[in-house]
Amino acid sequence: HGLLQYNIHQKRWVWNEDIIRAEDITDNVLHLLSSKMDGLSDNVQTLLKMMACFGSCTSESVIGYLNESVEYAEVRNGLERALIDGFIVTNEEGSLQFVHDKVREAAYNLIPDSDKKQFHYDLGKALYSSCDGKDVEDAIFLPIASQINHGKEWILKDNEFSIAIAELNMKAGKKALDGCDDKTAYSYLGTALSLLPKDHWESHYDLSLRVYFLMASATNSNDEAELMLQKIFEKARCLDDQLPSYLLLNEILLSQGNPKGAYDTCASVLSQLGETIHNSVTPEAASSMLAETLSMYEEVYNDEWINKKLEDEKIRTIAKIYNTFVIACFLCKSRHILVYHMCRAVQLSLQNGTCQYTPLALIHFAGYAMKDEQPASICRIAKNAMSMLKRFDVADQHPLFYLSYYGRVAWRFESLQVCTDKLRRAFEAALSLGHVDIAFYCSIHVIKNSIFSGASLRSIMKEIDYYLHLLKTYKIETARTFLLIFRETVSLLIDNGQATSIEATPCAGDLSDPGNKLRESAFFHKAVQCLWVGHTERCRYYSEKCMPILGPLAQFTTYMSKFYHALNSLDLIRKKNSTKGKEVARVAIPAIRDAAASSDWNFTNKLRLLEAEQQSLRQTHRKAVPLYEAAIESAKRSGFIHEQGLACEKAGFYFKNKAGNNEKALEYFKQARACYDEWGSSMKVGLIKKEIDSLDVSGS
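What counts and what doesn't
Residues numbered from 1 in each chain as written. Predicted model: local features only at pLDDT ≥ 70, side-chain atom pairs only at ≥ 80, totals over all residues. Heavy atoms only, no water. Helix = DSSP H or I, 4+ residues; strand = E, 2+ residues; numbered from the N terminus. Buried < 20%, exposed > 50% of the residue type's maximum accessible area, 1.4 Å probe, protein only. Contact = heavy atoms within 4.5 Å. Areas by Shrake-Rupley, 256 points an atom, 1.4 Å probe, with all protein chains shown as cover. Lys, Arg positive; Asp, Glu negative; His and termini not counted. Charge placed at Lys NZ, Arg CZ, Asp CG, Glu CD. Pairing = 2+ DSSP bridges. Axes fitted to C-alpha atoms, helices over the stretch in contact; angles between N-to-C directions. pLDDT = per-residue confidence, 0-100. Salt bridge = Lys/Arg side-chain N within 4 Å of Asp/Glu carboxyl O. Expected span 1.5 Å × (residues − 1). Phe/Tyr/Trp six-rings, centres within 6.5 Å; stacked < 30°, edge-to-face > 60°. Lys NZ or Arg CZ within 6 Å of the ring centre and 35° of its normal. Polar contact = N/O pair within 3.5 Å; in protein donor to acceptor, adjacent residues only side chain to side chain.

Another point: the overall build of the protein. When helices and strands are counted, the protein shows 36 helices and five strands. Summarising its shape, the C-alpha atoms of the protein cover approximately 95 × 75 × 45 Å along the three principal directions. Burial statistics for the protein: of 700 residues in total, 54% are counted as buried. Within the protein, residue pairs in contact and separated by at least 24 positions form 65% of the contacts whose partners lie at least 6 positions apart. Of the roughly 31,300 Å² of accessible surface on the protein, a fraction of 48% belongs to carbon and sulfur atoms. For the protein, the separation between the mean place of its 80 positive charges and that of its 88 negative charges on side chains is 9 Å.

What follows is the structure, encoded as structure tokens:
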């Protein structure tokens, strides 16, 4: 069969991979390889056995350090022969790897089973001795620990050596954690802890502190993490030593959907650091603090301030905690408390200089604290914060910054599609960094924006289901509820939920509770569903429930709610001559006009459609028709296929009911049907088909 043979021209061993896979003869291949390897020189065998212990791939630096040891001084001679014979190759990263897993397996089998543990341990000890006392790269800790840990019972016989190897495992665990390999990190850190003496908190305090903190960071169990952190709070000698653990605890509490716990923890720590925390703030105090902070920003913001570094370590720590504190405030406290403490966070930097936490404080300030009547200031502060972010090496802050920037501010000057794409990347980055709560808040904005921008409904459904699948592991109930609310809307739009609904339904809690953060989304999506189905009275009911909750914050959802409420109200005027509907439109249209002034891409089509509907009611044909056309063209230019279809549908109704031109109505209804079909809404296609059929025009 030619399973394995030496190619004299290539000067290497070759084999027929297809035959090996097709026939169940892997044991034969292993036997042949082992037989060939038995005839190799001691140097080559040692090299192959050593590499097999490290896995399929070994870095050049490991070979270099081992070559400096007495035991492996001839390893490079074996390396050259192994390369020539074709057992190993140099990969694209410059590391050495076996040409096949079976070659590595055969090499490992050169070590008798009874000797394997000792071989691993001796290999790790030789590598450790070669690196001891040298300024080596962090990556070397992983291969040393992976080998030397095989001899744990021998390590424990020497107390001093045990501590040294505990520290080695701590460093290996940190390296693995930095590479987002939590499982490997946890294993190394567990070994480190097991090598410490019973009195380790007294005899090796610093090492104990680091191991416990890193284990709390690496474990996939929040309960275990909290136990590790509680031990740190119990044993730590000062607040400074507790601070990293408090910050990690806050992340855990937020990911568990416990913002009240995070708020209380932050408030306690900030108070210990000398900050005054206000658990109740009047609207007047919040407005005064906001005006004071804006005035200070306008006065201070310049190149001199940007280049002024915040040197005080304590103030930097306070600034870092405030960035978590304001998230907790947003989730569980009144807007006045949120605004007040956000302003305090910004003032810390304005008064003392910039640090890595300044950009995040500024974007939180622009995105959450400032009101809609300050659009120019919001945009300027947000863009300045983005520029400042690039000055600091804070990759771990990027997902949270992008969440605030692209989720709450950038819609004013970026297309909705760009914002969605950036938030999707932020989700992936946050998840890779282990910031699970931030990741799924990004996912909420991704889906919300995808619906608003008219992305393919089937694609949105697929993405929602992907996030819901991940949440079976991560179990963030608030995010799951938001996504189920969105899914219900998308399912209705696709096919009225006939084939796309699922058993799981959103549980938004008590919608009469003012503290329920899900109320806004629950009422808003009920209004959206009713608008697209054409249930005008119910749409008005839910819109009126939703609008007061949205409040004065300048958010995209606020404007979409105004747009839908006004569009529905104009429909109600047409059907029932509602005077209240006229007032809704009178207030909404100037607001949408202001939004379109700063974001033509996202809002002009909406403004033109509202204006067209207004002119339709006034029966001014010469104004209504060009406005419908402008709404259609603007939506098409922005890629809002759903709102292009909506404008065509409204134009169709205008020509059918007001202008009495069925042929023109048919033309617009057909355009609407094509748009809705492209969007993926069988429900809307069905409704439009009924309108087309009712026209009874030849050729429909």
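Another point: the sheet that holds strand β5 (residues 96-98). Read from one edge to the other, the open sheet built from three strands follows the order β3-β5-β4, with strand pairing classed as antiparallel. Edge positions in the sheet fall to β3 (57-58) and β4 (88-90), since each has one partner strand and no second. By the bridge criterion, three bridges tie β4 to β5 in an arrangement that is antiparallel. Paired with V89 across the strands is Q97, a residue of β5. Running over the sheet, helix α5 (residues 75-85) touches β4 and β5 and is turned about 95° from β4.

Now for the confidence of the model for the protein. Of the residues in the protein, 92% reach a pLDDT of 70 or more, and the chain-wide mean stands at 88. Scored below 50 in pLDDT, residues 20-25 shows eight contacts in the model against residues more than four places distant or in partner chains.

This structure, assessed with the given rule, holds 29 salt bridges. Residue E167 pairs with R210 through a salt bridge whose shortest N-O separation is 3.9 Å. Within this pair, whereas E167 is found in helix α10 (residues 159-178), its partner R210 is found in helix α13 (residues 205-218), the two being separated by 43 residues in sequence. In this structure, the salt-bridge partner of D421 is R425, at a minimum N-O distance of 3.1 Å. One end of the pair, D421, and the other, R425, are both in helix α24 (residues 416-433), four residues apart, so they sit about a helical turn from each other.

Our focus in this paragraph is the side chain of T489. Looking at where T489 falls in the secondary structure, it is placed in helix α27 (residues 477-495). In this structure, T489 is in contact with H525, V528 and Q529, ignoring residues within four places of it in sequence.

We now examine helix α26 (residues 457-474). Given a rise of 1.5 Å per residue, 18 residues ought to cover 26 Å, and the 25 Å separating the end C-alpha atoms of α26 matches this to within 8%. Along α26, the residues classified as buried are L457, I460, M461, E463, I464, Y467, L468, L470 and L471. In this structure, the buried residues of α26 make contact with α24, α25 (436-452), α27 and α35 (662-679). In the segment just after α26, K475 is the residue with positive phi, at about 55°.

Further remarks concern the packing of aromatic side chains. Counting across every chain of the model gives 36 aromatic pairs. When the centroid spacing of 5.1 Å and the interplanar angle of 75° are considered together, the rings of Y541 and Y542 count as edge-to-face. Residue class for Y542 comes out partly exposed when judged on its relative accessible area of 21%. Ring-pair connections join several aromatic residues into one group, and the members of that group are W411, F452, F524, F556, Y559, F563, Y564 and F603. In this structure, K116 is placed above the aromatic ring of Y108, and the distance from its NZ or CZ to the ring centre is 4.7 Å. Residue placement shows K606 over the ring face of F603; its charged tip is 5.6 Å from the ring centre.

For the rest of this paragraph, the subject is α35. For α35, built from 18 residues, the straight-helix expectation of 26 Å at 1.5 Å per residue is met to within 8% by its first-to-last C-alpha distance of 25 Å. All of the buried residues along α35 are A665, L666, Y668, F669, A672, C675, Y676 and W679. Turning to α35, the residues buried within the fold contact α26, α27, α28 (519-533), α33 (621-638), α34 (641-658) and α36 (682-695). The N-terminus of α35 is capped by N661, whose side-chain oxygen sits 3.4 Å from the backbone nitrogen of E663.

Despite not being glycine, N496 shows a phi value in the positive range, around 60°. Here N496 is to be found in the loop between α27 and α28. Phi at Q619 takes a positive value of approximately 60°, unusual for a residue other than glycine. Summarising the element assignment, Q619 is placed in the loop between α32 (600-617) and α33. Q619 gets classed as exposed once you look at its relative accessible area, which sits at 59%.

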